[in-house]
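Chain and residue survey
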Amino acid sequence: MERRNFLSLLAAGSLSIPVMTKAGPVMSSPGNKAMTYRSFLQSVRAQAIARNVPEYVIEQALMSLSAPNQKVLDRSRHQPEFTLTWEQYQQRVLGAQRFQKGVQTYSEVSKILEPIAQQYQCDSSIIMGIWGLESSFGQTQGKFNVIDALASLAYAGRRKKFFRSELLKALTILGRGDISPELMLGSYAGAMGQPQFMPSAYLRFGADGNGDGKKDIWNSLPDVFASIANYLSHSGWKFGQPWGEQVIVPIGEDGRFVSLGSKNYKQAQSRSISEWVSLGVTRPDGSALDETLPSARLIQPDGAGTEAFLAYSNFRAIRAYNPSDYYALAVGILGQRSTELRSF
């Protein structure tokens, strides 16, 4: 942050400045009474007890916390701006190695995944796509202690109310015995396990896929797959229907591609497939679209003349997991490529 911007924010009362005292770090902000980190944790402890979280669980979870985790705070304050084009995004997340890993991994887990996908009426390709993007098929879950990360953000982060709520929900999960504090690992922002669920998502959508009475999204593949499928099912996923497909838009008399869609899914107009056919939209190989499919929106993330996709209602269900067009497209593409050799 440039010095003039820092000073203007400070003068406007928009910054919260941590101050060190003998009692530990203090978060002071205009109009708010200063609170030490120790006092903050005591208030969290009282709230958790009121929610019937066993006291010994709370003590075990909070006993090692003496100060906000500076690495967490640094990561939260220096996030990169999301200015990538769709082409650049693809190059980052949809490389050949990830496709190869997806195909290999699907061959190894399909016997576990397919029955669960059928049970939850959620297509296995999309479960693979989300799993692959969120944690590289379980390989990169994050190494931050979730309680430490959430407590740090609830005390000194930008969205204190949100992260305090997530912290209390994380303590509730520990109180249920689903996992121990030292094994509750995730991202710097508290997203947990292989599906990268926030605690609130875990409590709402976490599922027991192997019948052992727990919802272990860190180590149990059945639980991971069931939890992702349950999330999508509750987000409106329509089993057996496509998420979307790549298409070609017609070329006008001036030799340029016609701009029929929008860069943004929410702004794109929904039309029946027969309407898209009448406008000259085809599949990449020139074949006709399936007019029995439901209506769809046409999105061209990088503008006219670049890659275009028809997005069906299931595209919206993927966006419920992460409200990004790029993310939803990548999930669909990765999932399809990972499972395209299925023999059933």
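What counts and what doesn't
Residues numbered from 1 in each chain as written. Predicted model: local features only at pLDDT ≥ 70, side-chain atom pairs only at ≥ 80, totals over all residues. Heavy atoms only, no water. Helix = DSSP H or I, 4+ residues; strand = E, 2+ residues; numbered from the N terminus. Buried < 20%, exposed > 50% of the residue type's maximum accessible area, 1.4 Å probe, protein only. Contact = heavy atoms within 4.5 Å. Areas by Shrake-Rupley, 256 points an atom, 1.4 Å probe, with all protein chains shown as cover. Phe/Tyr/Trp six-rings, centres within 6.5 Å; stacked < 30°, edge-to-face > 60°. Core = buried A, V, L, I, M, F, W, Y, C linked by side-chain atoms within 4.5 Å.

Description of the overall build of the protein chain
If you tally the helices and strands in the protein chain, you get 14 helices and nine strands. Across the 344 residues in the protein chain, those meeting the buried criterion constitute 47%. Partitioning the contacts of the protein chain with sequence separation of at least 6, the portion at a separation of at least 24 is 67%. Of the roughly 17,700 Å² of accessible surface on the protein chain, a fraction of 50% belongs to carbon and sulfur atoms.

As for the environment of Phe197
Examined against the element boundaries, Phe197 turns out to sit in the loop between β5 (185-186) and α10 (199-205). By relative accessible area, Phe197 is classed as buried at 1%.

Remarks on helix α13 (residues 313-321)
Here α13 lies mainly inside the structure; seven of its nine residues are buried. Where α13 is concerned, the buried positions are Ser313, Asn314, Phe315, Ala317, Ile318, Arg319 and Tyr321. Looking at the buried side of α13, the elements it contacts are α7 (124-135), α11 (221-234), β8 (296-299), β9 (308-311) and α14 (325-339).

Considering the packing of aromatic side chains
All told, the structure shown has 17 aromatic pairs when counted by the stated rule. Ring geometry for Trp86 versus Tyr326: centroids 5.7 Å apart, planes at 50°, classification tilted. Here Trp86, found in helix α5 (residues 86-93), pairs with Tyr326, found in helix α14; they are 240 residues apart in sequence, far enough to count as distant. The buried category is assigned to Trp86, whose relative accessible area is 1%.

Considering the nonpolar core
In terms of nonpolar packing, the biggest core is built from 89 residues, with Phe40, Ile147, Met184 and Trp243 touching the most fellow members. In terms of residue count, helix α8 (residues 146-156) provides more of this core than any other element does, nine residues in total. In contact with Ile147, not counting residues within four places along its chain, are Ala61, Leu62, Leu65, Leu167, Ala170, Leu171, Leu174 and Met184.

Focus: the side chain of Thr339
If you trace the backbone, Thr339 turns up in helix α14. Setting aside residues up to four positions removed in sequence, Thr339 forms contacts with Tyr106, Ser125 and Met128.

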